[in-house]
2 protein chains.
Amino acid sequence: MASGTERKARVLKGFRDYLPEQMILRGQIIAIFREIFERHGFEPLDTPAIEYLDVLTGAAGENEKLMYRFEDHGGRPVGLRYDLTVPLARVVAMHQNELSMPFKRYHIAPVWRADNPQRGRFREFWQCDADIAGSASMLADAEIVSIMAEALTAVGLPEFTIRISHRRLLESLGRAAGVPEELAGVIYRSIDKLDKIGKEGVQRELVAAGVSEAAAARLLAMVTAVGPPEVLLTELRQALRDVPGAGGSIDDLAELFSLLPDFGVPADRYALDLTLARGLDYYTGPVYEATVTRPKVGSVAGAGRYDALVGTFAGRSIPATGMSLGLERIIEVVREHGLMPVPGSVAQVSVAAFPATIGAAARIARDLRAAGLRVDLSLQPNRSIGDQLKQAGRKGIPYAVIIGENEVETDRAALKDLHGGEQVEVPLADLAQALQSRLTVASENDAID
Amino acid sequence: MASGTERKARVLKGFRDYLPEQMILRGQIIAIFREIFERHGFEPLDTPAIEYLDVLTGAAGENEKLMYRFEDHGGRPVGLRYDLTVPLARVVAMHQNELSMPFKRYHIAPVWRADNPQRGRFREFWQCDADIAGSASMLADAEIVSIMAEALTAVGLPEFTIRISHRRLLESLGRAAGVPEELAGVIYRSIDKLDKIGKEGVQRELVAAGVSEAAAARLLAMVTAVGPPEVLLTELRQALRDVPGAGGSIDDLAELFSLLPDFGVPADRYALDLTLARGLDYYTGPVYEATVTRPKVGSVAGAGRYDALVGTFAGRSIPATGMSLGLERIIEVVREHGLMPVPGSVAQVSVAAFPATIGAAARIARDLRAAGLRVDLSLQPNRSIGDQLKQAGRKGIPYAVIIGENEVETDRAALKDLHGGEQVEVPLADLAQALQSRLTVASENDAID
């Protein structure tokens, strides 16, 4: 080691350290998502961070430009994964004979994109994906939507809407409105901006791109119609009766909407919203996006059916649908709006001691751990007890146990509430119990707050 | 997407997909380690996969050559982390004023090294690290050794030994034996091979490198002496009484061995073993390595004190000690020797249905999930029930619930044991309870096996 020469400690732009307090909240939220995925029988999967470059390229349009790419030690062109969907498609293709289809899997892992860092957007961020490969049924889509709703509800988001559209329906709407075929791409991009630039803005953009005033107006009227899904779908079926292929998209959506109540998705949590386009090239069917309406922070989860992607690896068509929860954005919302109580430390109790009692303290810490408690043993018996307690308080540990010589002789310990300040003497035999009951009361109070 | 052109689905050499069955075992073992770290009050931390190249270089000798390095989109030289210790040192230096010392943290994450892949050695592998920064006390080392022992015991390793040595002691032994100062490096490398080439081999190597026959023999005698730590340390103190600095190393070890019983490490789990050198350049004090003796698979965890590494970033000395559990090797041992029961699927029950009953099946699946069960809903009501059950059995799901029209009318379900084959009718109201009691019995039988 080049000792003596100081190295500059710094982190690349767009990257972050997650210090304990942040990690504790991340861990809580990831555990909730994992629990929900597993409750639905989704199996865990992990794939390499580094893949052959040609495995990663070809499917993701814009995102590919943001890919970290380099040559490995053998001169092979490689890249860091920029999502978890392309690796899933590769895995399903490689293991199609071993995997029992439909294959339901979840994958919680970091991905990398050399994007311009901005608030809530990072170059390394985690995705929490749940996908179903090998089923073309709308049952699969209904299950994905229900998982999305459960996950967002479980982290305490008070209000959100899952907007549901269909990738091919927007094309059909364009045709029905009289937009020339070659302008389909323009439609996607313009409609996508509806939230930002309003109806008039979109109308102007469409006209500027060569769509007639009348066609643009018709398109906008159909896309922005509001009402119960069944009613809107009936109207659409009528309006698109002469557009080839439109019937299939409407059938998909009608079936999906009829399934969602059985899958337990509350009616106020989803809506048919044809303004939803979703950027990724690989979607082929229904698409979904969860938008948080209170606090108003925008999209926190995206999903959709991509029936052709796996086939680019597998050589045969394997339909798939799935979703991605935007962990970073969700954490930001939960944190800013205090939706979940977050302890400052994983430790529930700190054990402070004197030089003469550190051995006894280590043994008592062990007993408390055996009883299921998370125990920080002070490693500084040479410091004053006051200092040791201050240290524990700074870390956010709620309770301390003080092991003095008197206490060791009488088989007792001093138990101190580091928030409230009260201190009581407790027989060692009752210590774990005393701590557990105090911690239970504290967490119930948190829940009531 | 380049539809029509098939992409070749493959994984880079030295990298692996973790399919569900592997992931379930990985998840179980990681959860055990995390639980033990948190029981000891260690806080979670995560750091970026990509770091400035100069942050990563300078500390790790051999490992640096194996680092994946490239330029990012801004032309900055960057690398993928090859361990979790250097990033910890950087974090402690950057946040030394916020972090409460001693800072106990754990970090469970992948690292990358472009090593030659071989059995049990991969280019992407996970480390499970627990470290304490900001304490020079042997209390910190005792806690690290105790965590190592608890972790290996918890995953069911029937026999292992934590070998304990001291980085500076081997140097002192060399001096005492009369080995010229400039041959210290030779000593490390040769002694490290003792297991492979035996005493005679090491003796030959040392002599070939210029150490006298007598000095080599004296060194080997001291290094390979066997006995209780207190006895050996007393003998060493006598033998090294004239070697400057040797007393400090011996004091460290004597204190550490006196602490281990209070920290709950059973006496048959550790031994003083001066043949342990450990390759990493940054160790400065006691070093540890856990060797599994049955099954005989070698080293599964390494640790040691590195009091100078953080200082290369911090500009002031911050002592630290810590350990790394070799997850991949441990998983291999647990798997090959069947040390933990591993279910084939996270799902505990599959719900099969007919097209007319799929809505009811979805509702029943929901109720079972609400009762805490992990439920796979069959998405293939058009297939025969026999097919659906076969599918569930192939996935390794132990139970199935069949929802037919009769069952819906009578508020009952057929509950089938997919291993044993028995099938019973159960009222819907009792279904969750019936499954839970069967699963409890099954897991108790697993535990007895």
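Residues numbered from 1 in each chain as written. Chains lettered and ligands numbered in written order. Predicted model: local features only at pLDDT ≥ 70, side-chain atom pairs only at ≥ 80, totals over all residues. Heavy atoms only, no water.

Student: Just to check I follow, could you spell out the pairing of strand E5 (residues 103–112) of chain B for this structure?
Tutor: Successive residues of a regular strand alternate their side chains across the two faces of the sheet. Residue and element names in this part refer to chain B. Most of E5 is tucked away: 10 of the 10 residues are buried. Residues Phe103, Arg105, His107, Ala109 and Val111 of E5 are buried on one face, and the alternating residues Lys104, Tyr106, Ile108, Pro110 and Trp112, pointing to the opposite face, are buried as well. By the bridge criterion, two bridges tie strand E1 (residues 43–44) to E5 in an arrangement that is parallel. Within the sheet, the bridge partner assigned to Glu43 lies in E5 and is Arg105. (Buried < 20%, exposed > 50% of the residue type's maximum accessible area, 1.4 Å probe, protein only. Helix = DSSP H or I, 4+ residues; strand = E, 2+ residues; numbered from the N terminus. Pairing = 2+ DSSP bridges.)

Student: Where do I start with the interface of chain A and chain B in this structure?
Tutor: Many analyses report the size of an interface as the accessible area lost when the parts associate. Every contact between the two is made by 106 residues of chain A and, on the other side, 107 residues of chain B. Between chain A and chain B, roughly 9200 Å² of surface is buried when both sides are summed, and carbon and sulfur atoms account for 59% of that area. At the surface where chain A touches chain B, the tally comes to 10 salt bridges. The closest approach of N and O atoms between Arg369(B) and Glu143(A), which form a salt bridge, is 3.3 Å. (Contact = heavy atoms within 4.5 Å. Buried area = accessible area lost by both parts, 1.4 Å probe. Salt bridge = Lys/Arg side-chain N within 4 Å of Asp/Glu carboxyl O.)

Student: What exactly am I supposed to notice about the relation of the copies chain A and chain B here?
Tutor: Each of the two chain copies goes to the other by way of a rotation about an axis and a shift along it. Between chain A and chain B, the superposition needs a rotation of 180° and an axial shift of 0.0 Å, giving an RMSD of 0.1 Å. In the structure described here, the two chain copies are related by an operation that fits a two-fold rotation axis. Residues of chain A ranked by C-alpha distance from the rotation axis are headed by Phe70(A), positioned 3.0 Å from it. Taken as a fraction of all interface residues of chain A, those also at the interface in chain B reach 100%, which identifies the copy contact as same-surface. (Least-squares fit on C-alpha atoms with pLDDT ≥ 70 in both.)

Student: What exactly am I supposed to notice about the environment of Pro228(A) here?
Tutor: Along the chain, the position of Pro228(A) falls in the loop between helix H9 (213–223) and helix H10 (229–239). Linking Pro228(A) and Asn382(A), residues 154 residues apart in sequence, is a C-alpha distance of 70 Å.

Student: What is the right way to read the sheet that holds strand E14 (residues 399–403) of chain A from this model?
Tutor: Across a sheet, strands are paired by hydrogen bonds formed along the backbone, either parallel or antiparallel in direction. Residues and elements named next belong to chain A. Taken in spatial order, the five strands line up as E13-E12-E14-E15-E16 in an open sheet, and their pairing is mixed. Here the strands that pair on one side only, and so sit at the sheet edges, are strand E13 (375–377) and strand E16 (423–427). Geometrically, the sheet is characterised by an average inter-axis angle of 25° between neighbouring strands, direction not taken into account. In this sheet, E16 lies alongside strand E15 (residues 412–417) in antiparallel orientation, the contact comprising five bridges. For Arg412, the partnering residue across the bridge sits in E16 and is Pro427. Strands in contact with helix H15 (residues 385–395) are strand E12 (349–353), E13, E14 and E15; relative to E12, the strand with the most contacts, it is inclined by about 165°. (Axes fitted to C-alpha atoms, helices over the stretch in contact; angles between N-to-C directions.)

Student: Sorry if this is basic, but what is going on with helix H7 (residues 184–191) of chain A here?
Tutor: For H7(A), the complete set of buried residues consists of Val186(A), Ile187(A), Tyr188(A), Ser190(A) and Ile191(A). Next to the buried residues of H7(A) lie helix H6 (167–177), helix H8 (194–208) and H9 of chain A.

Student: Got a minute to help me understand the side chain of Arg305(A) in this structure?
Tutor: Along the chain, the position of Arg305(A) falls in strand E10 (residues 298–305). From its side chain, Arg305(A) meets the backbone oxygen of Ser137(A) in a polar contact 3.2 Å long. (Polar contact = N/O pair within 3.5 Å; in protein donor to acceptor, adjacent residues only side chain to side chain.)

Student: Just checking my understanding: could you explain the sheet that holds E1(B) for this structure?
Tutor: As summarised here, the arrangement of the eight strands in space is E1-E5-E6-E11-E10-E9-E7-E8 (chain B), forming an open sheet in which the pairing is mixed. Two strands close off the open sheet at either side, each with one partner strand: E1 and strand E8 (270–272) of chain B.

Student: Sorry, what's going on with the pairing of strand E12 (residues 349–353) of chain B here?
Tutor: Residue and element names in this part refer to chain B. Among the five residues of E12, five are classified as buried, and the element is accordingly described as predominantly covered. With burial as the criterion, each face of E12 is covered, one bearing Val349, Val351 and Ala353 and the other bearing Ser350 and Ala352. Pairing geometry for E12 and strand E13 (residues 375–377), over three bridges, is parallel. Along E13, the bridge assignment pairs Val351 with Leu377. In the classification by handedness, the crossover that spans E12, the intervening helix H14 (residues 358–370) and the parallel E13 is right-handed. (Right-handed = clockwise from strand over helix to strand, strands pointing away.)

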